[in-house]
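Given next are the chains, with one letter for each unit.
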Amino acid sequence: MRLLSFLPGILTLLVPAIANAETVITPTESYNRITAMYQYRDLAGDGTNGFELGYIHGFSLSSTTPVFFQTGVKFDMGFDSESTSIQNLNVSASLSTMSFSVPLDISYKLVFGDNNNVAFIPFAGLNLKVNALADITAKASYNGTSESATVSMFDSENGGMKRFQAGWHIGLGFQVNRFYAGADFGTDFIKIMDNGGNATPTLHIGVGYTF
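Read on for a plain summary of the structure. (Residues numbered from 1 in each chain as written. Predicted model: local features only at pLDDT ≥ 70, side-chain atom pairs only at ≥ 80, totals over all residues. Heavy atoms only, no water.)

### With respect to the overall build of the protein
Short version of the rule: Each helix is a run of H or I in the DSSP string that is no shorter than four residues. Each strand is a run of E no shorter than two, and both are numbered from the N terminus. Think of it in three bands: residues with accessible area under 20% of the maximum for their type are buried, residues over 50% are exposed, and the middle band is partly exposed, with areas taken using a 1.4 Å probe on protein chains only. Should any heavy atoms of two residues lie within 4.5 Å, those residues are considered in contact. In short, Shrake-Rupley with a 1.4 Å probe defines the accessible areas, and a residue's cover is counted only from the protein chains shown. The charged-residue count follows a simple rule in which Lys and Arg add positive charge and Asp and Glu add negative charge, with His and chain termini not counted at all. Note that the charge is assigned to NZ on lysines, CZ on arginines, CG on aspartates and CD on glutamates.
Each helix and strand counted, the protein has one helix and 10 strands in total. Start at the N end of the protein and walk to the C end: the helices and strands fall as α-β-β-β-β-β-β-β-β-β-β. When its C-alpha atoms are laid out on the principal axes, the protein stretches across 70 × 35 × 20 Å. Here the protein holds 211 residues, and the buried ones make up 37% of them. Relative to all contacts within the protein whose residues are 6 or more apart in sequence, the contacts with residues 24 or more apart total 62%. Accessible area of the protein: about 11300 Å², with a carbon and sulfur share of 63%. Computing the positive centroid from 11 side-chain charges and the negative centroid from 17, the protein places the two 4 Å apart.

Here it is as structure tokens:
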């Protein structure tokens, strides 16, 4: 999770500039948000690092209480690799994943600050996910000769990874003017593999823009 070490420096550069362009946050007003997140997912024991890009719309549920229904679409990719060497034999394996998800959340917008330009946004809900890609590519080389092969984790002989998943998540967002930073954590309800695996615990942390 070395990417997280860069986040404080990025925030240090961005927050002062954004804070100078104040935008009043209306507590009960619907909103749109785009996000770019770092993603860590435990995929059946293999920890994958990757990213998530998303669009969210918050529908206001009340004219007096800042409660919202959040939904949208998100796209993510994850990566992992391992390698080993035994004398003249070099072997490596890499995992690539891709999925699309739809969140179904309830959120609350707590606005404060002298100019009503700061808000905490806790949220919780469900997500529906389609796993579109889960390939393992293995490469081996020996004395200058190399071979490679790619297999799909969706194949029953390779674990029988499920195409469709449903799960839960909980998170917290922080908005200053139009700038957004947030994090969330969740798991699926069922194991990812036909022959076992886990419920894919997933962490996201990143930034966004609200409009």
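### What about unusual backbone geometry?
Phi at Gln87 is positive, roughly 55°, even though this residue is not glycine. Looking at where Gln87 falls in the secondary structure, it is placed in the loop between strand S3 (67–86) and strand S4 (89–108). Relative accessible area serves as the criterion here: at 79%, Gln87 is assigned to the exposed category. Positive phi, close to 55°, is recorded for Asn177, a residue that is not glycine. For Asn177, the location among the structural elements is in the loop between strand S8 (164–176) and strand S9 (179–188). With relative accessibility at 1%, the residue Asn177 sits in the buried group.

### Things to note about the environment of Thr150
How we decide: In protein, a polar contact means a hydrogen-donor-capable atom and an acceptor-capable atom, both N or O and within 3.5 Å, with residues adjacent in sequence counting only if both atoms are side-chain atoms; elsewhere, any N or O pair within 3.5 Å suffices.
You can see Thr150 is positioned in strand S7 (residues 145–152). For the pair Thr150 and Ala93, spaced 57 residues apart in sequence, the C-alpha separation works out to 9.4 Å. With sequence-adjacent residues up to four places away left out, Thr150 is seen in contact with Asp135, Ile136 and Thr137. Polar contacts involving the side chain of Thr150 include one to the side chain of Thr137, which spans 2.9 Å.

### A short note on the environment of Gly72
Topologically, Gly72 is positioned in strand S3. It is 8.5 Å that separates the C-alpha atoms of Gly72 and Ser101, two residues lying 29 residues apart in sequence. When near neighbours in sequence (up to four residues on either side) are disregarded, Gly72 contacts Tyr55, Ile56, Ser101, Val102 and Pro103.

### Some points on the environment of Arg41
Along the polypeptide, Arg41 turns up in strand S1 (residues 31–43). Given the relative accessible area of 8%, Arg41 is considered buried. Each C-alpha atom of the pair Arg41 and Met161 lies 15 Å from the other, and the pair is 120 residues apart in sequence. One polar contact links Arg41 to Asp76, side chain to side chain, over a distance of 3.4 Å.

### Here we look at the packing of aromatic side chains
The following threshold applies: Two rings from Phe, Tyr or Trp (for Trp, the six-membered ring) form a pair when their centres sit within 6.5 Å of each other. Planes less than 30 degrees apart are called stacked, planes more than 60 degrees apart edge-to-face, and all others tilted. Charge-over-ring placement is defined geometrically: NZ (Lys) or CZ (Arg) within 6 Å of the ring centre, and within 35 degrees of the ring normal.
Under the criterion given, the structure shown has eight aromatic pairs. Pairing Phe75 with Phe100 gives two aromatic rings, centres 5.3 Å apart and planes at 45°, and the pair type is tilted. Remark: Phe100 occurs in strand S4 and Phe75 occurs in strand S3; sequence separation between them is 25 residues. Owing to a relative accessible area of 23%, Phe75 belongs among the partly exposed residues under this scheme. Relative to Phe211, the ring of Tyr209 lies with its centre 6.5 Å away and its plane at 20°, an arrangement referred to as stacked. Given the relative accessible area of 43%, Tyr209 is considered partly exposed. Since its relative accessible area comes to 45%, Phe211 is described here as partly exposed. A connected cluster of aromatic rings, assembled from ring pairs, spans Phe51, Phe75 and Phe100. One cation-aromatic arrangement involves Arg163 over Phe154; the distance from NZ or CZ to the ring centre is 3.6 Å.

### A short note on the pattern of salt bridges
The following threshold applies: What counts as a salt bridge is simple: a side-chain nitrogen of Lys or Arg found within 4 Å of a carboxyl oxygen of Asp or Glu.
Counted by the stated rule, this structure contains four salt bridges. Linking Arg41 and Asp76 is a salt bridge whose minimum nitrogen-to-oxygen distance equals 3.4 Å. Of this pair, Arg41 sits in strand S1 while Asp76 sits in strand S3, placing them 35 residues apart in sequence. Residue Asp194 is joined to Lys162 by a salt bridge in which the shortest nitrogen-to-oxygen separation is 3.5 Å. With a gap of 32 residues between them, Asp194 in the loop between S9 and strand S10 (202–210) and Lys162 in the loop between S7 and S8 connect regions that are remote in the sequence. Since its relative accessible area comes to 60%, Asp194 is described here as exposed.

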